[in-house]
Amino acid sequence: MPKKSSLGRGLDALLSRPANALSASQNLKIDQIVQAAYQPRQVFVPESLAELAQSIRDKGVLQPLLVRPRGEHFEIVAGERRWRAAQLAGLTEVPVMIRDLADRDALEIAIVENLQREDLGPLEEARAYQTLLDQGLNQEGVAKAVGKGRSTVANALRLLSLPPEALVALENGEISAGHARAVLAMPEADRLWALNEILSRHLNVRGAEALKREERGRAGESRPIKVNPPRPWRQVELSLSRRTGTKVKITGDDKGRLELNYGSRDELERLLELLGYAAEE
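Residues numbered from 1 in each chain as written. Predicted model: local features only at pLDDT ≥ 70, side-chain atom pairs only at ≥ 80, totals over all residues. Heavy atoms only, no water.

Trainee: Explain the overall build of the chain here, please?
Mentor: Secondary structure assignment for the chain yields 13 helices and 7 strands. Looking at the chain as a whole, 42% of its 281 residues are labelled buried. The long-range share in the chain, meaning contacts at least 24 apart out of those at least 6 apart in sequence, stands at 66%. For the chain, the accessible area works out to roughly 16200 Å², and carbon and sulfur atoms hold 50% of it. (Helix = DSSP H or I, 4+ residues; strand = E, 2+ residues; numbered from the N terminus. Buried < 20%, exposed > 50% of the residue type's maximum accessible area, 1.4 Å probe, protein only. Contact = heavy atoms within 4.5 Å. Areas by Shrake-Rupley, 256 points an atom, 1.4 Å probe, with all protein chains shown as cover.)

Here is the structure:
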């Protein structure tokens with residue numbers, strides 16, 4: 001029997017609390033709906049939104065948005081990307097489920113939904129956890145709320161203490177979270193030096209971690225650092241990621257593999273449509 005995702009249990013627990021149960025799906029006019037006061041996901045790729053908008057024109061919005069009452073309007077808890085694409089598609093109303101949620105519950109649901117869909121970058125995830133801390137939870141409470149281990153939450157939060165230059169590099173995809181943790185392992189005075197070494201020498205994560213050993217080896221000895229050449233398909237991967245709105249990885253040269261990630265059935269159907277696939281009748 002396949003193991004259930006801890007994230008799945010976390011979201012189910014949030015959505016199945018006895019008070020303020022979910023309403024049945026109904027339609028709301030788009031102008032009655034407003035953006036969330038806090039949205040963990042900060043990047044909405046225009047090309048991806050345009051493709052989702054085309055899918056919505058063809059098939060409609062397949063999964064209702066989750067919203068909560070806010071005065072005369074309804075605030076999005078989950079589904080902002082669908083809401084944006086529906087506007088591009090020219091829809092005047094969308095299906096929703098309405099639930100009266102406290103700020104913390106709404107934030108937890110938004111974070112967990114994005115984590116399940118793998119939509120959050122390392123810094124978006126870290127900032128989302130920090131916002132839950134600001135809401136009064138401790139790290140243990142954050143971990144329980146989002147279905148993650150406490151060490152995972154703690155490691156994510158540490159990224160927020162990176163030097164500004166490293167934060168920019170991580171945000172832009174120039175370094176990974178593993179590289180960032182290697183930078184943080186350095187003495188504070190050496191962190192910018194480590195970042196520059198990683199970027200200029202195209203170090204992999206092991207190479208980045210070896211920088212510390214190299215600088216502090218016994219009797220002044222240096223250990224060789226493995227340097228990976230720039231990935232030949234990196235720019236193509238980035239371009240395809242922007243076009244498809246999902247993570248893309250290419251391995252191999254004359255022969256290899258092209259991987260596209262998806263986080264839901266809707267996302268898979270959108271990618272299949274983008275690839276021109278049509279199910280046989």
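Trainee: Quick question: what am I supposed to make of the nonpolar core here?
Mentor: The nonpolar side chains of a soluble globular protein tend to be buried, and buried together. Ranked by internal contacts, the top residues of the largest apolar core, which has 20 residues, are L159, L162, L170, I175, A180 and I198. Those elements that place two or more of their residues in this core are helix 8 (164-171), helix 9 (177-184), helix 10 (191-201) and helix 11 (205-215). Broken down by element, this core gets its largest block of residues, 5 residues, from helix 9. If near-sequence neighbours (up to four positions away) are discounted, I175 is found in contact with A166, A169, L170, A180, L195, I198 and L199. L28, L52, F74 and I98 belong to the second largest nonpolar core, which has 19 residues in total. (Core = buried A, V, L, I, M, F, W, Y, C linked by side-chain atoms within 4.5 Å.)

Trainee: What is the right way to look at the pattern of salt bridges in this model?
Mentor: In this structure the tally under the stated criterion is 8 salt bridges. With its nearest N and O atoms 2.9 Å apart, the salt bridge here joins E80 to R84. Of the two residues, E80 and R84 are both situated in helix 3 (residues 80-88); the distance of 4 residues between them amounts to about one turn of the helix. On the accessibility criterion, E80 (4% relative accessible area) is buried. The exposure class of R84 is partly exposed, given its relative accessible area of 27%. Across the pair E171 and R127 runs a salt bridge whose closest N-O atoms are separated by 3.1 Å. With a gap of 44 residues between them, E171 in helix 8 and R127 in helix 5 (residues 122-134) connect regions that are remote in the sequence. One network of salt bridges, with partners in common, ties together R68, R70, E75 and D103. (Salt bridge = Lys/Arg side-chain N within 4 Å of Asp/Glu carboxyl O.)

Trainee: Mind showing me how you'd approach the side chain of T131 here?
Mentor: By the secondary structure assignment, T131 is in helix 5. What makes T131 buried here is its relative accessible area of 19%.

Trainee: Explain the pairing of strand 6 (residues 248-252) here, please?
Mentor: Both faces of the sheet carry side chains from a regular strand, because those side chains alternate between them. One ladder, built from 5 bridges, connects strand 6 with strand 7 (residues 256-260); its direction is antiparallel. In the strand pairing of strand 7, I250 is matched with L258. Where strand 6 hands over to strand 7, the hairpin turn is made up of 3 residues, counted between the paired strands. (Pairing = 2+ DSSP bridges.)

Trainee: Quick question: what am I supposed to make of unusual backbone geometry here?
Mentor: Leaving glycine aside, a negative phi is the common case for residues, and trans is the common case for peptide bonds. With phi around 50°, H202 is a residue other than glycine that occupies positive phi space. Inspection of the secondary structure puts H202 in the loop between helix 10 and helix 11.

Trainee: What should I look at first to understand the sheet that holds strand 1 (residues 26-29) in this one?
Mentor: In a beta sheet, neighbouring strands pair by backbone hydrogen bonds and run either parallel or antiparallel. Pairing in this open sheet of 5 strands is mixed, and the strands run 1-5-3-4-2 from one edge to the other. Only two strands of the sheet have a single neighbouring strand rather than two, namely strand 1 and strand 2 (33-34). Of the pairings in the sheet, the one linking strand 3 (residues 65-70) to strand 4 (residues 73-78) comprises 5 bridges and is antiparallel in character. Bridging from a neighbouring strand, V67 pairs with I76 of strand 4. With respect to the sheet, helix 3 is in contact with strand 2, strand 3, strand 4 and strand 5 (93-98), its orientation differing from that of strand 4 by roughly 120°. (Axes fitted to C-alpha atoms, helices over the stretch in contact; angles between N-to-C directions.)

Trainee: What should I look at first to understand the packing of helix 5 against helix 8 in this one?
Mentor: How two helices sit against one another is set out by the angle between their axes and by the gap between those axes. The contact between helix 5 and helix 8 brings their axes to 8 Å, and the two run at 115°. On helix 8, the residues that touch P122, L123 and R127 of helix 5 are L167, L170 and E171. Within the contact of helix 5 with helix 8, the residues separate by chemical class into 4 nonpolar, no polar and 2 charged. (Nonpolar A, V, L, I, M, F, W, Y, C, P; charged D, E, K, R; others polar.)

Trainee: Sorry if this is basic, but what is going on with the confidence of the model for the chain here?
Mentor: Atom-level detail of predicted coordinates should not be read off regions where pLDDT is low. Taken residue by residue, the chain gives an average pLDDT of 77. The fraction at 70 or more is 77%. Taken as a whole, residues 16-21 scores under 50 in pLDDT and shows 8 contacts with residues more than four places along the chain or in a different chain. Contacts from residues 225-229, a stretch scored under 50 in pLDDT, to residues over four places away or in other chains number 15 contacts. (pLDDT = per-residue confidence, 0-100.)

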